[in-house]
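# Commentary on secondary and tertiary structure
So the chains spell out like this:
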Amino acid sequence: MELTNQSDKETAAAVKANLAKIIQENVMLAEAIDYRNFGELISNINEASAIFLIASGRSGFAMRSVAMRLMHLGLRVFFVGETTTPAIQKGDLLWAASGSGTTGTIVKAAEKAQQVGARVMSMTTNASSTLAGLADVHILIPAAEKEDRNGTKSIQYAGSLFEQAVLLLGDAVFTELWKLDGTPAEELWKRHANME
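Residues numbered from 1 in each chain as written. Predicted model: local features only at pLDDT ≥ 70, side-chain atom pairs only at ≥ 80, totals over all residues. Heavy atoms only, no water.

An unreviewed UniProt entry lists the chain under the name SIS domain-containing protein, with Mucilaginibacter gynuensis as the source organism. The UniProt entry for the chain carries this comment under Sequence similarities (unreviewed entry): "Belongs to the SIS family. PHI subfamily." (UniProt positions renumbered as here; feature names shortened; annotations may be inferred.)

Okay, structure coming up:
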């Protein structure tokens, strides 16, 4: 990769401008999301015997962060695909994120969850996707899909805006759950990783 010759000052200004655009996109997306189903998501989390989270690629990294925060609340949380993840059962919740809503492994996990009587909650960019159709609760994130390269929904590469939304919405859900739970931060801190 050959870089153009620009000064450190120009690079600094360009990176700052890029960050401002990314933040602006997230603010615009936050305004476009329909939040009505988040109450049901929070109820499902509170009522679930165990919470299973699944996503692939960069969305998977975002969902792992959400799983960690739910664990800090003292919830029984698993990320699908890890070797210590048990079988999903009736009374559990599967929270799935897939930009396209068609990722094969995620759709299969949702089908399995449905078969055993677990609830399925999904976040996608496509309300008519297979995953959205399988979900008991679907949250539409109107961001660009990975294959959308025309720049109308995002200047960012691939599904970056969706992935950022998964992380930010996960933190927003955690914040509400924490507020409802009322556990002091000092108690949550006791569950924080201590073998880092």
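### Things to note about the side chain of Ser129
For Ser129, the position within the fold is in the loop between β4 (119–124) and α5 (130–134). Within the structure, the side chain of Ser129 is placed 2.9 Å from the backbone oxygen of Asn126, a separation counted as a polar contact. Aside from chain neighbours lying at most four places away, what touches Ser129 is Ser100, Gly101 and Thr124. (Helix = DSSP H or I, 4+ residues; strand = E, 2+ residues; numbered from the N terminus. Polar contact = N/O pair within 3.5 Å; in protein donor to acceptor, adjacent residues only side chain to side chain. Contact = heavy atoms within 4.5 Å.)

### A short note on the environment of Ala193
Its location among the elements puts Ala193 in the segment after α7 (185–189). Sequence separation between Ala193 and His72 is 121 residues, and the spatial gap between their C-alpha atoms is 9.4 Å.

### Regarding the packing of aromatic side chains
One pair of aromatic rings is described through two measures. These are the centre distance and the angle between the planes. In total, this model carries three aromatic pairs according to the counting rule given. On the basis of an interplanar angle of 35° and a centroid distance of 5.3 Å, the ring pair of Phe52 and Phe78 is categorised as tilted. In this pair, Phe52 is assigned in strand β1 (residues 51–54) and Phe78 in strand β2 (residues 77–79), connecting sequence segments 26 residues apart. Looking at Phe52, the relative accessible area reads 2%, which means it is buried. (Phe/Tyr/Trp six-rings, centres within 6.5 Å; stacked < 30°, edge-to-face > 60°. Buried < 20%, exposed > 50% of the residue type's maximum accessible area, 1.4 Å probe, protein only.)

### Points about the packing of helix α1 (residues 8–32) against helix α6 (residues 160–181)
One way to put it is that α1 packs onto α6 with a least axis distance of 11 Å and a crossing angle of 65°. In terms of orientation, α1 and α6 fall into the roughly perpendicular class. Of the two possible hands of crossing, α1 and α6 adopt the one that is right-handed. Contact with α1, carried on its side by Ile22, Glu25, Asn26 and Leu29, involves Leu161, Gln164, Ala165 and Leu168 of α6 and no other residues of that element. (Axes fitted to C-alpha atoms, helices over the stretch in contact; angles between N-to-C directions. Parallel < 35°, antiparallel > 145°, perpendicular 65-115°, else oblique. Left-handed = near helix turned anticlockwise from the far one by under 90°.)

### Regarding the environment of His192
Within the element layout of this structure, His192 appears in the segment after α7. A residue is classified by how much of its surface remains accessible, and His192, at 21% relative accessible area, is partly exposed. A sequence separation of 121 residues divides His192 from Met71, and the C-alpha atoms of the two residues are 8.7 Å apart.

### Overview of the pairing of β1
Neither face of β1 is left uncovered, since the one carrying Ile51 and Leu53 and the one carrying Phe52 and Ile54 both have all their residues buried. Sheet topology places β1 next to β2; three bridges connect them, and they run parallel. The partner of Ile51 across the bridge, within β2, is Val77. For the crossover that starts at β1, traverses helix α3 (residues 57–72) and ends in the parallel β2, the hand is right-handed. In this sheet, strand β3 (residues 93–97) lies alongside β1 in parallel orientation, the contact comprising four bridges. Its bridge partner being in β3, Ile51 is matched across the sheet by Leu93. (Pairing = 2+ DSSP bridges. Right-handed = clockwise from strand over helix to strand, strands pointing away.)

### Section: the side chain of Asp92
Secondary-structure assignment places Asp92 in the loop between β2 and β3. Not counting residues within four places of it along the chain, the set of residues in contact with Asp92 comprises Ala48, Ser49, Ala50, Phe52, Ala87, Ala118 and Arg119.

### Comments concerning a nonpolar patch on the surface
Judged by side-chain polarity, Leu19, Ile23 and Val27 come together as a nonpolar surface patch covering roughly 280 Å² of accessible area. Structurally, the position occupied by Ile23 is in helix α1. (Patch = residues over 30% accessible without salt bridge, like charges linked within 9 Å, V, L, I, M, F, W, Y side chains within 5 Å. Areas by Shrake-Rupley, 256 points an atom, 1.4 Å probe, with all protein chains shown as cover. Salt bridge = Lys/Arg side-chain N within 4 Å of Asp/Glu carboxyl O.)

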